[in-house]
Amino acid sequence: VDYNFLVHYFSDAGYLAARREIERHLIELGDKKALIEKARDGSVIGVRTVLEPKAVVQEFKEKAVENPAEFSATEKWVPVECWCPAGIETIKKTVFGILGQISPQDRWSVEVETWGRGPFAEEIVQMLKRIISARFVESSASKIVFVEFQGDEAAVSILRQDDFFVVVRV
């Protein structure tokens, strides 16, 4: 899997509406050839774009403020930094590789979606607490370690609150 975005969509809107919405927004930003396909788990679409994902998120946030109805099918846009096999040791190794993004004064939290498969979210959280020396918090974190399973692979990112986009439905 080579997606640099996972886009969750509202199941009542459906895959096709979400796909059209993703395509329209990426074309407007200049990517006419993005790979957009249904991911294996959940109401999720995998996207591979030539655009820089965190910059795309900023554009979408501005667009949503100007016209909230622009996003009616997609629910959450999450940039993906790395992919690895969905095992506790490979996730640990992958997080080690990008751990420099969390400084000792940061407060971090975690968002894990395993879709009911092992290693389970609690195991992943405990492993992360062992390897990340900065302070773990439940909310108001400056950094979020994002792990989401898709099939037998895990998407892994370390994000600031500002790096992902959650649609507020109107």
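Analysis parameters
Residues numbered from 1 in each chain as written. Predicted model: local features only at pLDDT ≥ 70, side-chain atom pairs only at ≥ 80, totals over all residues. Heavy atoms only, no water. Helix = DSSP H or I, 4+ residues; strand = E, 2+ residues; numbered from the N terminus. Rg over C-alpha atoms; globule rule 2.2 N^0.38 Å. Buried < 20%, exposed > 50% of the residue type's maximum accessible area, 1.4 Å probe, protein only. Contact = heavy atoms within 4.5 Å. Pairing = 2+ DSSP bridges. Salt bridge = Lys/Arg side-chain N within 4 Å of Asp/Glu carboxyl O.

**Notes on the overall build of the protein chain**
Working step 1: Helix and strand content of the protein chain: four helices and ten strands.
Working step 2: Scanning the protein chain from its N terminus toward the C terminus, one meets helices and strands in the order β-α-β-β-α-β-β-α-β-α-β-β-β-β.
Working step 3: Scaling as 2.2 N^0.38, a compact globule of 170 residues should have a C-alpha radius of gyration of about 15 Å, and the protein chain matches this with 16 Å.
Working step 4: Projected onto its principal axes, the C-alpha positions of the protein chain cover 40 × 30 × 30 Å.
Working step 5: Taking all 170 residues of the protein chain together, the buried fraction comes to 49%.
Working step 6: Considering only intrachain contacts with a sequence separation of at least 6, the fraction spanning at least 24 residues in the protein chain is 75%.

**Considering the pairing of strand β6 (residues 107-113)**
Working step 1: Here two bridges tie β6 to strand β7 (residues 135-136), and the two strands are oriented parallel to one another. Residue pairing in the sheet places Arg107 in a bridge with Arg135 of β7.
Working step 2: With six bridges connecting them, β6 and strand β8 (residues 143-150) associate as parallel partners. Across the sheet, residue Trp108 finds its bridge partner in β8, namely Lys143.

**Topic: the pattern of salt bridges**
Working step 1: Evaluated as defined, the whole model comprises ten salt bridges.
Working step 2: Within this structure, Lys54, Glu81, Arg160 and Asp163 form a network of salt bridges that share partners.

**Notes on the pairing of strand β9 (residues 153-159)**
Working step 1: With respect to burial, β9 is a largely interior element, seven of its seven residues being buried.
Working step 2: Neither face of β9 is left uncovered, since the one carrying Glu153, Ala155, Ser157 and Leu159 and the one carrying Ala154, Val156 and Ile158 both have all their residues buried.
Working step 3: Sheet topology places strand β5 (residues 82-85) next to β9; four bridges connect them, and they run antiparallel. Among the inter-strand pairings, Trp83 is bridged to a residue of β9, identified as Ala155.
Working step 4: Summarising the sheet, β8 and β9 pair through seven bridges and their orientation is antiparallel.

Geometric descriptors of this kind do not, in isolation, establish any biological role.
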